[in-house]
Amino acid sequence: MKRKAAVFLLIALIAALTTDGCSRRKDEAPPHEALIFGATYMTRNNPYFNVLGQGIEEVVEANGDILLTRDPLQDQEKQNEQIEELIDEGISMLFLNPVDWEAVRPALIACKKAGVAVINVDTVVKDRDLVISVIETDNYQAGQLCALDMMKRKKSADIVILDNPIQMSITYRAQGFTDAIADNPNYRVVYRHAAAGEIEVSSKVMEEFLNQNKKFDVVLGGNDPTALGALAALQQARKEEGVLIYGIDGSPDFKAILDMGYVTGTSAQSPKALGRVAAETAYRYLSGEPVDPYISLSSTLITKDNLADYEIDGWQ
């Protein structure tokens, strides 16, 4: 009798567990199969791209998905190879910050053939028909803001522009600056040279220019690292006195130097906001919603006058 009772109890227990288990499986949503996203930035040597990447990663991870990141170290051929590798790893979407706006084309074509959609972040590619959306700061406006501030401070100026022609974000910034001064002969660009958007390169370019002993009193860096590289060369040569120095980014490093009075201003970006908008746009596209082919975030000039309104040791 005891054995029979034990058997009945065991059967009842199994039935209850089975019924409960079936009920839970029926009510629960099916398990989420993680999507794989790829991201490649022209360099991770600039902290800006680390923060931009964090903005993307936070959205992707919040959706239970995976982000694979690559750093081509300013080498477009290497970036193209890395994109091919990401395609082979099964990515559904690529977040692309190109090294060279033209030479990235083979990788864009490879993505199209593989059915991988591309979100173009921070600096535009030439073949915009091969990406579903471009998300960037209003780079033209960023350059204009620097020029307008300069003209308030100086009635005339001889200007050095350190740009990077293969990177369209910097090209548009320089264009915004030069267009703002175009109708005034009191403002002259006396030197313009590519500086790769990096401190070390910019410092060497500025050092070479200083050896020419040309007159100048304003430097526009295509981004904050470029401007800080120019400052380093000027300080090394003890020629920084009276020179206005503008950057574009609003990086913590630049704001700290701005607070000390060694630089003049920076048109600020929000890399985390760019990353977040890029990721949100990707998910809208994947869910079948229409997405804007071009999204631009505005820039704000930060100078010593309004620096207190911003967090010095962080990004906007």
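In the nomenclature of an unreviewed UniProt entry, the chain corresponds to Sugar ABC transporter substrate-binding protein from the organism Lacrimispora amygdalina. Of the chain, the UniProt comment under Subcellular location (unreviewed entry) reads exactly: "Cell envelope".

Trainee: Which residues make up the packing of aromatic side chains, and what values go with them?
Mentor: Per the counting criterion, the structure on display carries seven aromatic pairs. Where tyrosine 48 meets tryptophan 315, the ring centres are 5.6 Å apart and the plane angle is 65 degrees; that geometry is what we call edge-to-face. Of this pair, tyrosine 48 sits in helix H2 (residues 47-62) while tryptophan 315 sits in the segment after strand S12 (300-303), and the two are 267 residues apart along the sequence. The pair tyrosine 48 / tryptophan 315 is uniform in exposure class, with both members buried. Members of the aromatic cluster, each reached through a chain of ring pairs, are Tyr41, Tyr48, Phe49 and Trp315.

Trainee: Give me the lowdown on the domain arrangement of the chain, citing residues and values where you can.
Mentor: By domain assignment, the chain separates into domain 1 (36-136 + 271-297) and domain 2 (139-269 + 304-309). Placing a centre on the C-alpha atoms of domain 1 and another on those of domain 2 gives a separation of 28 Å. Contacts between the two partners involve 15 residues from domain 1, matched on the other side by 13 residues from domain 2. Summing the contributions of domain 1 and of domain 2, the shared interface buries around 1200 Å²; its carbon and sulfur component is 45%. Here domain 1 and domain 2 share zero salt bridges between them. Partitioned by chemical class, the residues of the side of domain 1 that touches domain 2 number seven nonpolar, five polar and three charged.

Calculation notes
- Residues numbered from 1 in each chain as written.
- Predicted model: local features only at pLDDT ≥ 70, side-chain atom pairs only at ≥ 80, totals over all residues.
- Heavy atoms only, no water.
- UniProt positions renumbered as here; feature names shortened; annotations may be inferred.
- Phe/Tyr/Trp six-rings, centres within 6.5 Å; stacked < 30°, edge-to-face > 60°.
- Helix = DSSP H or I, 4+ residues; strand = E, 2+ residues; numbered from the N terminus.
- Buried < 20%, exposed > 50% of the residue type's maximum accessible area, 1.4 Å probe, protein only.
- Domains from an automatic or database assignment.
- Contact = heavy atoms within 4.5 Å.
- Buried area = accessible area lost by both parts, 1.4 Å probe.
- Salt bridge = Lys/Arg side-chain N within 4 Å of Asp/Glu carboxyl O.
- Nonpolar A, V, L, I, M, F, W, Y, C, P; charged D, E, K, R; others polar.

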